[in-house]
Number of protein chains: 2
Amino acid sequence: MNEPTAVRRRQGRGARERILRAATELFTAQGINATGIEQLSTVAEVSKRTLYQHFRSKDELVVAYLRSLDDAPQPVAPEQPTLAAASPREQLLAVFDWKPAETMAPFRGCPFLNVSVEVPDPGHPAHELAAAKKKRCARRLADIARQAGVADPETLGEQLALLFDGAAARGLALNNRHVMAYARSIAETLVDAALADAGRGSP
Amino acid sequence: MNEPTAVRRRQGRGARERILRAATELFTAQGINATGIEQLSTVAEVSKRTLYQHFRSKDELVVAYLRSLDDAPQPVAPEQPTLAAASPREQLLAVFDWKPAETMAPFRGCPFLNVSVEVPDPGHPAHELAAAKKKRCARRLADIARQAGVADPETLGEQLALLFDGAAARGLALNNRHVMAYARSIAETLVDAALADAGRGSP
DNA sequence: CCTCAAGGATACCGATCGTTTTACATGGGC
DNA sequence: GCCCATGTAAAACGATCGGTATCCTTGAGG
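Criteria and cut-off values
- Residue positions within a chain follow its written sequence, with the count starting from 1.
- For naming, the first written chain is A and the first written ligand is 1, with later ones following in the order written.
- Residue-level local features of this predicted model are given only where pLDDT is at least 70; pairs of side-chain atoms are given and counted only at 80 or more, and the full residue set underlies all totals for whole chains, interfaces and linings.
- The basis for the side-chain values is all heavy atoms of the structure; hydrogens and waters are excluded.
- By the criteria applied, helices consist of DSSP H or I runs no shorter than four residues and strands consist of E runs no shorter than two, each listed in order from the N terminus.
- Relative accessibility under 20% of the residue-type maximum defines a buried residue, over 50% an exposed one, and the middle range a partly exposed one, all with a 1.4 Å probe and only protein chains included.
- Between two residues, a contact is recorded if the distance between any of their heavy atoms is within 4.5 Å.
- What sets the accessible areas is the Shrake-Rupley method with a 1.4 Å probe; for residues, cover comes only from the shown protein chains.
- Here the expected length of a helix is defined as 1.5 Å per residue gap, with one fewer gap than residues.
- Within 6.5 Å between ring centres, the rings of Phe, Tyr and Trp (the latter by its six-membered ring) count as paired, and their orientation is classed by plane angle as stacked under 30 degrees, edge-to-face over 60, tilted in between.
- A residue's pLDDT is the predictor's confidence in that residue, given on a scale from 0 to 100.
- Accessible area that two parts lose when put together, with a 1.4 Å probe and added across both, is what the buried area reports.
- For salt bridges, the criterion is a side-chain nitrogen of Lys or Arg within 4 Å of an Asp or Glu carboxyl oxygen.
- Polar contact criterion, stated in full: a pair of N or O atoms within 3.5 Å, where within protein one must be able to donate a hydrogen and the other to accept it, and residues adjacent in sequence count only if both atoms are side-chain atoms.
- UniProt positions are given in the numbering used here, feature names are shortened, and annotations may be inferred rather than shown by experiment.
- Each copy is superposed on the other by least squares, with the fit set by C-alpha atoms of residues at a pLDDT of at least 70 in both.
- In summary, the charge assignment counts Lys and Arg as positive and Asp and Glu as negative, without counting His or the chain termini.

Asks: Explain the overall build of chain A to me, please; I cannot follow it from the model alone.
Replies: Scanning chain A from N- to C-terminus turns up 10 helices and 0 strands. When the helices and strands of chain A are listed from N to C terminus, the series reads α-α-α-α-α-α-α-α-α-α. Across the 203 residues in chain A, those meeting the buried criterion constitute 46%. Counted over contacts in chain A with a minimum sequence separation of 6, partners at least 24 positions apart contribute 63%. Looking at chain A as shown, the accessible area adds up to about 10500 Å², and 53% of this sits on carbon and sulfur atoms.

Written as structure tokens, this is what we have:
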């Protein structure tokens, strides 16, 4: 009992949870290549063995990490109660109100874009998953635009997604969060123009 | 002094040149972390020894690589003869005509943005150099806008830079080059609006 | 001819990576 | 009591990384 070998007590059954949480924290904070299995298992308070019997490899963990991000409440999710009833304009602009977790840490941009850079192979599952996510995001914006009667919803969705990605990438490079505000201002211009045209086209 | 001592004996056949060329090729094609010194020296047709007496470390080579990119003819360079006499509108939009390396290899986006992701530490020289480049690029665009009489040239420059970065990042993620066309179309909208205001403001 | 520095090929170094294995500890169900 | 799946801690693995040292060839200047 008073042995110096006081072993850490068995940590319940949340191992997978904790690993995924640690992955989210470390991958987004310092990148994938800069995060080792050792550090991962330490932060997750899990032995490497346990880690490897939950995820067969680091690659698989990276994919699971992206999936968990995808499932998490999203900036672009219009299903949220506050946004469901909001105006199309607010729904379309909600993406740009994204606040990436901690405010003190250096801004790290969009995890999906970063994975695209950190995993060079375009055929890698993680890379493809990131691409799919980006497409889905643009499509959702296009759907909102379509329901609002915008003339060319696909283009508007693609444009808004591009603005978001630009703010994420540039914000990381300059380590400056208010780049997102620039993106929002451009988005407002585009959205307002598109909605004005829509209103004029079918009154 | 006309070569006093044999300090310039055997000119290394432009070893430094070849190393830098290989770095440009490999770093942009497959990323920095995915490119090892071994492969680098092989492609450059240079022994590791020679490589390390031209660049003290890989970090230093990365910095030199970014510098060489910076010196190379740039998409945003208005000094080029064809652009020097072009209209401000064309000068501002010239960034979006960037064709990266003209190859059929997968689109790899903007090297400076990629370095920001691949080198997580914001204090790293390479990271700071990339940030500086991004700022300089936006400032140059702002200068062109100012000379054209745009009301808020800084904002326009920042917006155009953001659009370019968005196209680069998103183009890599989706492995799709014509994202740049979307960016251009948004840029045209912004530039035309700004120039129209300028013409109206001070006729 | 000989000398000798520049450079090539390659073995080697320590560190770290992702991954596997070994040895032991825990606790619920029989 | 014992069994055994599940867990931890730690060592070890092979591969590869950035970086260094060794040995040998080359070729111009004396």
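Asks: Sorry if this is basic, but what is going on with helix H9 (residues 153–174) of chain B here?
Replies: Side chains three or four residues apart in an α-helix point the same way, a direct result of the helix having 3.6 residues per turn. With 22 residues, H9(B) should reach 32 Å at 1.5 Å per residue; the first-to-last C-alpha distance of 31 Å fits that figure. A positive phi of about 50° marks Asn175(B), the residue just after H9(B).

Asks: Can you walk me through the packing of aromatic side chains in this structure?
Replies: Where two aromatic rings form a pair, the distance of their centres and the angle of their planes describe that pair. Residues and elements named next belong to chain B. Overall, the coordinates contain 4 aromatic pairs over all chains when judged by the stated rule. Centre to centre, the rings of Trp98 and Phe164 are 5.5 Å apart; their planes meet at 50°, and the pair counts as tilted. Taken together, the positions of Trp98 in the loop between helix H6 (88–93) and helix H7 (111–118) and Phe164 in helix H9 put the pair 66 residues apart, joining distant regions of the chain.

Asks: I tried to follow the confidence of the model for chain A on my own but got confused; where do I start?
Replies: Here chain A shows a mean pLDDT of 86. Residues at 70 or above account for 83%. Contacts for the low-pLDDT stretch residues 1–10 of chain A, under 50 throughout, to residues beyond four places or in other chains number 0 contacts.

Asks: For this particular structure, what's the right way to read the interface of chain B and chain A?
Replies: Size of an interface, as often reported, equals the accessible area lost when the parts are brought together. In this complex, chain B contributes 38 residues to the contact, which on the side of chain A involves 38 residues. Carbon and sulfur atoms make up 70% of the area that chain B and chain A hide from each other, which totals about 3200 Å². Ionic pairing is found between Glu158(B) and Arg170(A), a salt bridge with its closest N-O pair at 3.0 Å. Our enumeration of links across chain B and chain A arrives at 8 residue pairs in polar contact (both at pLDDT 80 or more). Within the residue set of the side of chain B that touches chain A, elements represented by two or more residues are H7, helix H8 (125–147), H9 and helix H10 (179–201) of chain B.

Asks: Mind showing me how you'd approach the UniProt feature "DNA-binding region" (unreviewed entry) in chain A here?
Replies: As recorded in UniProt, the feature "DNA-binding region" (unreviewed entry) lies at residues 36–55 of chain A. Taken end to end, residues 36–55 of chain A comprises 75% helix and 0% strand; its first and last C-alpha atoms sit 14 Å apart.

Asks: What's the story with the relation of the copies chain B and chain A in this structure? I'm lost.
Replies: Copies of the same chain, two in number, are related to each other by a rotation about an axis and a translation along it. You can overlay chain B on chain A at an RMSD of 0.1 Å; the transform is a turn of 180° with a shift of 0.0 Å along its axis. Each copy turns onto its partner about a two-fold axis. Closest to the rotation axis within chain B is the C-alpha of Gly166(B), separated from it by 1.6 Å. A high fraction, 100%, of the interface residues of chain B reappear at the interface in chain A, so the copies pair face to face through one surface.

Asks: Looking at this structure, how should I read the side chain of Glu118(A)?
Replies: Residue placement: Glu118(A) occurs in helix H7 (residues 111–118). Comment: no salt bridge for buried Glu118(A); closest opposite-charge side chain is Arg108(A), at 4.4 Å. A polar contact is formed between the side chain of Glu118(A) and the backbone nitrogen of Ile32(A), at a distance of 2.6 Å. Those residues in contact with Glu118(A) that sit more than four places away from it in its chain are Gly31(A), Ile32(A), Asn33(A), Arg108(A) and Val117(B).

Asks: Is there a simple way to explain the pattern of salt bridges in this structure?
Replies: When the charged atoms of two side chains lie near each other, side chains of opposite charge can form a pair. All names here are of chain A. Taken as a whole, this structure holds 28 salt bridges over all chains when the rule is applied. Asp192 is the partner of Arg89 in a salt bridge, and the nearest nitrogen-oxygen pair spans 2.7 Å. Placement of the pair is Arg89 in helix H6 (residues 88–93) and Asp192 in helix H10 (residues 179–201), with a sequence separation of 103 residues. What you see here is one network of salt bridges that share partners, running through Arg89, Glu90, Asp97, Arg184, Glu188 and Asp192.

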